[in-house]
Amino acid sequence: ETGVTQTPRHLVMGMTNKKSLKCEQHLGHNAMYWYKQSAKKPLELMFVYSLEERVENNSVPSRFSPECPNSSHLFLHLHTLQPEDSALYLCASSLGRRDSPLHFGNGTRLTVT
Amino acid sequence: QKEVEQDPGPLSVPEGAIVSLNCTYSNSAFQYFMWYRQYSRKGPELLMYTYSSGNKEDGRFTAQVDKSSKYISLFIRDSQPSDSATYLCAMSAGAGNMLTFGGGTRLMVKP
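Owing to the predicted nature of the structure, the values given are computational and were not obtained by experimental measurement.

S.K.: How should the environment of A:Pro8 be read in this particular structure?
M.R.: Residue and element names in this part refer to chain A. Structurally, Pro8 is set in the loop between β1 (4–7) and β2 (10–13). For Pro8, a relative accessible area of 26% puts it in the partly exposed group. As a C-alpha pair, Pro8 and Ser20 span 12 residues in sequence and 9.0 Å in three-dimensional space. In contact with Pro8, other than residues within four places in its own chain, are Ser20, Leu21, Gly107 and Thr108.

Quick look at the structure:
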């Protein structure tokens, strides 16, 4: 299995739907992250969990709700999204030390119609 | 002004060329510097990682950091079509491991 696995790979949802993105890491890391990647824009950090505690919330709208039940799993719950939320959502993990790099999953391509 | 600037490209080179990819930054507190490679429909993968100033070489790849100029570079020697991807620079001041990313440069290596 790859180090960081994200499901689903693709998701199309209407603005009134509720859906969840899932991320699982098999690297023994203790920090997990959600990033948003939009066309022609840098990666935007959304949330950070360290040892299952949320340590960063970058002014993300409340229609995005993260959940980290343990150090290997991370969810992003979505509800009443807007078309501008269409993007690639990337999960990453790390050892959480200041010198440890991020390991990314392959992302979920989200389209909001 | 963006905290990290990176030319989006695309940069098109012939196979075998030496490629130079660059980023400039404004935050003098950055001390950890990384290059990620992202293929189409994939997540970014770590390519090179350096701390503070200096050079680091790994096979065909060389990363350079010039903190005095706030400028980092990634050189690819003997470029191959398989190097065609988007290259993202990222950097961190170290506190809490929050990375700041450039927007990425799209590289195309033509056979």
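Structure shown, so let's carry the discussion forward.
S.K.: Sorry if this is basic, but what is going on with the nonpolar core here?
M.R.: Generally speaking, nonpolar side chains in soluble globular proteins are found buried as a group. Within the largest apolar cluster, 24 residues are counted, with the highest numbers of intra-cluster contacts made by B:Trp35, B:Ile72, B:Leu74, B:Tyr87 and B:Met91. For this core, the secondary structure elements donating two or more residues are β3 (19–25), β4 (32–38), β5 (45–51), β7 (61–66), β8 (71–76), β9 (85–92) and β11 (105–110) of chain B. Listed in part, the 22 residues of the second largest apolar core include A:Val4, A:Met46, A:Cys68 and A:Leu81.

S.K.: Any chance you could explain the pattern of salt bridges here in plain terms?
M.R.: Pairs can form between side chains of opposite charge once their charged atoms are near each other. Residues and elements named next belong to chain A. A complete count under the given rule lists 5 salt bridges over all chains for this structure. Between Glu44 and Lys41 there is a salt bridge, with its nearest N and O atoms 3.4 Å apart. When its relative accessible area of 42% is taken as the criterion, Lys41 is described as partly exposed. A salt bridge links Arg63 to Asp85; the shortest N-O distance between them is 2.7 Å. Of this pair, Arg63 sits in the loop between β6 (53–57) and β7 (64–70) while Asp85 is found in the loop between β8 (73–79) and β9 (87–94), placing the two residues 22 residues apart along the sequence. Across the pair, Asp85 and Arg63 agree in class, each one buried.

Thresholds, definitions, all that
- Residues numbered from 1 in each chain as written.
- Chains lettered and ligands numbered in written order.
- Predicted model: local features only at pLDDT ≥ 70, side-chain atom pairs only at ≥ 80, totals over all residues.
- Heavy atoms only, no water.
- Helix = DSSP H or I, 4+ residues; strand = E, 2+ residues; numbered from the N terminus.
- Buried < 20%, exposed > 50% of the residue type's maximum accessible area, 1.4 Å probe, protein only.
- Contact = heavy atoms within 4.5 Å.
- Core = buried A, V, L, I, M, F, W, Y, C linked by side-chain atoms within 4.5 Å.
- Salt bridge = Lys/Arg side-chain N within 4 Å of Asp/Glu carboxyl O.

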